Amino acid sequence: MSLYDSLNEQQKKGVFTTQGPVLILAGAGSGKTSVLTRRIAYLIDNMGVNSWNIMAITFTNKAAGEMKERVDDIVGYGESVWVATFHSTCVRILRRHIDRLGYDTNFTIYDTDDQKSVMKEVCKKLEIDTKQLKEKTILGAISSAKDELISPLEYEMSVMGDFTKRRIANAYKEYQTLLKKNNALDFDDIIVKTVELFKSCPDVLENYQNRFQYIMVDEYQDTNTAQFELIRLLASKTRNLCVVGDDDQSIYKFRGANIRNILDFEKVYPDATVIKLEQNYRSTQNVLDAANAVIRNNIGRKDKSLWTEQGAGNRLHFRPFDTAYEEAEYIASDIKRKKRQAESDYGQCAVLYRTNAQSRLLEESFIRENIPYDVVGGVNFYSRKEVKDVLAYLKTIDNGKDDLAVKRIINVPRRGIGAASILRVQEYADSMDISFYEALQQVDQIPTLGKGKAADKLKDFVTMIQMFRTKLQFCSLEELITDVLETTQYVQMLEELDREEAEERLQNIDELITKVVSFEMAREELGEEITLSAFLEEVALVADIDGVDKDDNKVLLMTIHSAKGLEFSQVYLAGMEDGVFPSYMTITSDDPMDIEEERRLAYVGITRAKDDLTISYAKARMLRGETQYNPVSRFVKEIPPHLMDNKLPSIRKWDQDEYETDSYERSHFKAKPFQTGMPQNSFGGRTPQQRVQLNDTVFDKPKNNWEAADTRRNNWESVSVNTGYQKTTSVTPTKQARDLSEIIGSRPKAVVKKKETPSANKPYIAKSLDGLSKGVPTTSGGLGYQAGDRVRHIKYGDGTVLKIEQDTRDYKVTVAFDEAGNKIMYAAFAKLRKI
DNA sequence: ACGTGGCCACTTTTT
DNA sequence: GTGGCCACGT
């Protein structure tokens, strides 16, 4: 039996059509990775192609690694085939040739934080008021321009009259200048500069064209214009370009992905062979029917429909809840039930949601139920403060040209170098046209600094960095990091923080060291050189999903975006509410294409499920500190009711029954006034949050102790109301408010007349909305537990209360935890629950 | 030079 | 509910 017997006819066509342009439209779960890996095998084994001449491009390192492994399994040449992400491919090329563009080959890569810092400097220099035009906005515009391969010059030409765009054009130019000065590239530059290199150096391009004679691109629907151009250039000699993608799974428009790349592939390559893979090997027919029904509502897609030879399978499980809290509890308990009844193990379950913020409630439930889980994404590990600090030390040691890194750590931990000194050094560097670090090296030459204390401290810093550089010549990266932490007393600085925080940050540092060690080991195994630059580069290009290990047998929690390309036996789609998914942003957007992208995301989510799909919905949910009441997601309503298992209302009924509220706006205001949050005398001295009934709208001057603030945004999405205490509460104006204000022709100035004076001494027990904030504020009344009680902490687990003391502002509780040992904590923060 | 308190914005998704 | 930033005070 040959390698290819298990393939269906369409898949075989994909494998055997090796010459010329090929477009494979691969529906979700249609076995496209099998096709790609077998295609590589076929090229090598049957076509006599040298494995070295084959390139496969993916979007994540994880996908690249898996593909390599699978090729390796089949033909054993896995390592010699170039399988890599767009970004790592380009970085590898640039490391060899970017000097042709006037950069140094040991350039650094800037992440979004770094970009923001640079842009801040740019704005200062160009006197751009960042209140009017935010750094993020400018960076967004620049990023979009780069995705479209628009240079600063071209951008400037195209904007002519528009004042704001003109300023962006200037900022773009200045930003690039600054990056170059720092010998740095941002994410977009990695692609853009490679294209630039190929266009300006035909010899370099030809070199790579000769090398990559067969090119394959995975997840082609996610490519942007720059990436397409890159591929087009590389493939223009042999034209052996095979792209695989699914227009229905294009979910990265916000990142510049151009869906036209896949829709118009046949226009660019009229001789392209087009192959459709529609047979699905992943999911049950019920899941596929649901997915098909949803995606059918999009116009502007290539017509196709998934089918399977598997049976109908279980129906989808639709589970409505009153609150997000109950939703989370249900999901946790259901997973536990499946485990108990041996229906499925933890590792086969995944909970998917629209936004990272939704993971929190779920996590809390999982902790309560003792379910092992991993959250993918959220705040990237490498963007945590302490990790970035250590990396900045490494960057400074590796490449003194990275001003940003140097400035980040020059006074961390504190060594008495202040803003004034830094400014003087910078001025000198500017005047001499050298980097910040180079200026530091010649401190004695800086007239404004003289020979004072400041100069000595700067000198000490330089000596220390030089010492690390010397040391690096003969020690491992691990030793270097340890030495940096010790010499700088960084760890000591962290230990001075309060215990909980220190512990967490130290853990992150430990994890970083672990990553260094495993990097060194992996490199050693491959016989590759271990350099600091290589480590920093790898770190800059990791995605959250890259670190996920399927063998851990843990439930995975992640956004639907992160879940693309993955599959699970048991999938939970949580938070299926209009306003959450589709997000409020897309509902209110004037571009109808936005909702289509959101629908594709729903399609991706549904098609992750192999056996069971549970869709849940919460009537009330706390979002940004506000309770929102949302109707069921329109995408759920697009699923035919007969595919779902519970007593489902008919489609018609959706519009009137309890799952529906009359309109999105109205639904916000059914909340009665109530108070929640911490009592005033609790730690931190916060005032209670006021939730107000907005139906009593007034437009007069602010009344009583409600002081009105202006509307924050022109489109009146929210109005700030100062409660007369200190806390500003953000509320959303009623529909009436909008109408009325249109009539009187002004923006609502005050939308609240309700007067409620919270008495400072009166203890509040939160009237939490159906347990939305269960267990939050308990301090001043009674804690709900006393010395000797067994309590549960979200992080430390169970323990016994040893003593409770009245501190100046809060109760100080000492708990002996079974696992974590003794801890002293403030009651308001600890959120202990009696068990 | 450094710490603190108040004020604000943030939450859509990420290589 | 949180983190970043600025202004101010020591």
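Okay, so let's go over this structure. Since the model is a prediction, treat every value here as computed from it, not as a measurement.

This brings us to the packing of aromatic side chains. Taken as a whole and assessed by the stated rule, the structure comprises 15 aromatic pairs. Between Tyr 4 and Tyr 42, the aromatic rings sit 5.7 Å apart at their centres with planes inclined by 85 degrees, giving edge-to-face as the arrangement. Residue Tyr 4 is located in the segment before α1 (9–16), and its partner Tyr 42 is located in helix α2 (residues 32–45); the two are separated by 38 residues in the primary sequence. Tyr 42 shares its class with Tyr 4; the two are buried. Every member of this aromatic cluster is reached through a ring pair, and the members are Trp 82, Phe 198, Tyr 208 and Phe 212. The ring of Trp 82 has Arg 92 sitting right over it, with the charged end atom 3.9 Å from the ring centre. The aromatic ring of Phe 436 is capped on one face by Lys 407, whose charged end is 5.2 Å from the ring centroid.

Further remarks concern empty space enclosed by the protein. Counted according to the given criterion, the structure contains seven cavities of 30 Å³ or more. In this structure, the largest cavity encloses a volume near 70 Å³. A per-class count over the lining of the largest cavity returns three nonpolar, two polar and five charged.

Below, the discussion takes up the nonpolar core. Generally speaking, nonpolar side chains in soluble globular proteins are found buried as a group. Among the nonpolar cores identified, the biggest contains 51 residues, and Leu 391, Leu 440, Phe 461 and Phe 535 are the most heavily contacted of them. Setting aside chain neighbours within four positions, we find Leu 440 in contact with Val 406, Ile 410, Val 425, Leu 458, Phe 461 and Val 462. Of all hydrophobic cores here, the second largest spans 47 residues; its members include Phe 107, Leu 205, Leu 241 and Ile 259.

The next subject is the protein's contact with DNA strand B. For DNA strand B, the set of nearby residues contains 27 residues, the closest of which are Phe 59, Lys 134, Arg 354, Arg 414 and Ala 543. The separation between a phosphate oxygen of DNA strand B and a polar side-chain atom of Arg 414 is 2.5 Å. Of all elements in the fold, only α19 (419–432) and α26 (560–563) reach the threshold of two or more residues within the surface near DNA strand B. It is α19 that contributes the most residues to the surface near DNA strand B, three residues altogether.

Judged by pairing direction, the sheet is parallel, and its six strands sit side by side in the order β3-β2-β6-β7-β1-β8 without closing on themselves. Each edge of the open sheet carries a strand with a single partner, namely β3 (82–85) and β8 (273–277). Each strand of the sheet is rotated relative to its neighbour by a mean of 15 degrees, with strand direction disregarded. Pairing of strand β6 (residues 214–217) with strand β7 (residues 241–245), which is carried by three bridges, proceeds in the parallel orientation.

Another aspect to go through is the packing of helix α5 (residues 112–126) against helix α8 (residues 163–181). Direction vectors running N to C along α5 and α8 enclose 120 degrees, while the axes themselves pass 9 Å from each other. Here α5 is positioned oblique relative to α8, judged by the angle of their axes. Both α5 and α8 take part in a crossing whose hand is right-handed. In this structure, α5 contributes Gln 115, Val 118, Met 119, Glu 121, Val 122, Lys 125 and Leu 126 to the contact, and α8 contributes Asn 170, Ala 171, Glu 174, Tyr 175, Leu 178 and Leu 179. Each residue belonging to the contact of α5 with α8 can be placed in one class, and the counts come to eight nonpolar, two polar and three charged.

On to the side chain of Ser 51. Its location among the elements puts Ser 51 in the loop between α2 and β2 (54–58). The buried category is assigned to Ser 51, whose relative accessible area is 9%. Those residues in contact with Ser 51, other than ones at most four positions away along the chain, are Ile 44, Tyr 77, Ser 80 and Val 81.

Further remarks concern the layout of surface pockets. Counted as a void, the second largest pocket has a volume near 370 Å³. Surrounding the second largest pocket, 19 residues form its lining, Ser 151, Pro 152, Val 192, Lys 193 and Glu 196 being those nearest its centre. At seven residues, the largest contribution of residues to the lining of the second largest pocket is made by helix α9 (residues 187–200). Its residues placed into classes, the lining of the second largest pocket shows eight nonpolar, four polar and seven charged.

At a closest axis distance of 9 Å, the pairing of helix α6 (residues 135–147) and α9 adopts a crossing angle of 25 degrees. In terms of their interaxial angle, α6 and α9 are classed as roughly parallel. The handedness of the crossing between α6 and α9 comes out as left-handed. Residue-level inspection shows Ser 143, Lys 146 and Asp 147 of α6 in contact with α9, the latter providing Asp 188, Asp 189 and Val 192. Of the residues that constitute the contact of α6 with α9, the class distribution is one nonpolar, one polar and four charged.

To continue, consider helix α15 (residues 324–340). With 17 residues, α15 should cover 24 Å at 1.5 Å per step; its first-to-last C-alpha distance of 24 Å lies within 8% of that length. All buried positions along α15 are accounted for by Ala 324, Tyr 325, Glu 327, Ala 328, Ile 331, Ala 332, Asp 334, Ile 335 and Lys 338. Ala 342 sits one or two positions beyond α15 and adopts a positive phi of about 55 degrees.

A few words now on the pairing of strand β1 (residues 22–26). The buried count for β1 comes to five of five residues, which makes it a mostly enclosed element. Burial of β1 is two-sided: the residues Val 22, Ile 24 and Ala 26 facing one way and the residues Leu 23 and Leu 25 facing the other way are all buried. Pairing of β1 with β8, which is carried by five bridges, proceeds in the parallel orientation. Along β8, the bridge assignment pairs Ala 26 with Leu 277. Across four bridges, β1 lies against β7 in parallel orientation. If you follow Leu 25 over to β7, its bridge partner there is Gly 245.

Right, let's get into the side chain of Asn 286. By the secondary structure assignment, Asn 286 is in helix α14 (residues 285–295). If near-sequence neighbours (up to four positions away) are discounted, Asn 286 is found in contact with Ala 312, Gly 313, Asn 314, Arg 315, Leu 316 and Leu 643.

Our next topic: unusual backbone geometry. In most cases, non-glycine residues show a negative phi, while peptide bonds are predominantly trans. Going from Val 412 to Pro 413, the amide bond is cis rather than trans, its omega being -10 degrees. Here Pro 413 is to be found in the loop between α18 (403–409) and α19. Here the phi dihedral of Arg 239 falls at roughly 60 degrees; this positive angle occurs in a residue that is not glycine. Within the secondary structure layout, Arg 239 lies in the loop between α11 (225–235) and β7.

Conventions and cut-offs
Residues numbered from 1 in each chain as written. Chains lettered and ligands numbered in written order. Predicted model: local features only at pLDDT ≥ 70, side-chain atom pairs only at ≥ 80, totals over all residues. Heavy atoms only, no water. Phe/Tyr/Trp six-rings, centres within 6.5 Å; stacked < 30°, edge-to-face > 60°. Helix = DSSP H or I, 4+ residues; strand = E, 2+ residues; numbered from the N terminus. Buried < 20%, exposed > 50% of the residue type's maximum accessible area, 1.4 Å probe, protein only. Lys NZ or Arg CZ within 6 Å of the ring centre and 35° of its normal. 1 Å grid on protein atoms, 1.4 Å probe; cavity = no way out; pocket = protein on both sides within 12 Å on 5 of 7 lines; lining within 4 Å. Points joined across faces, edges and corners; volume = space filled by probe spheres on them. Nonpolar A, V, L, I, M, F, W, Y, C, P; charged D, E, K, R; others polar. Core = buried A, V, L, I, M, F, W, Y, C linked by side-chain atoms within 4.5 Å. Contact = heavy atoms within 4.5 Å. Near = heavy atom within 4 Å. Polar contact = N/O pair within 3.5 Å; in protein donor to acceptor, adjacent residues only side chain to side chain. Pairing = 2+ DSSP bridges. Axes fitted to C-alpha atoms, helices over the stretch in contact; angles between N-to-C directions. Parallel < 35°, antiparallel > 145°, perpendicular 65-115°, else oblique. Left-handed = near helix turned anticlockwise from the far one by under 90°. Expected span 1.5 Å × (residues − 1).

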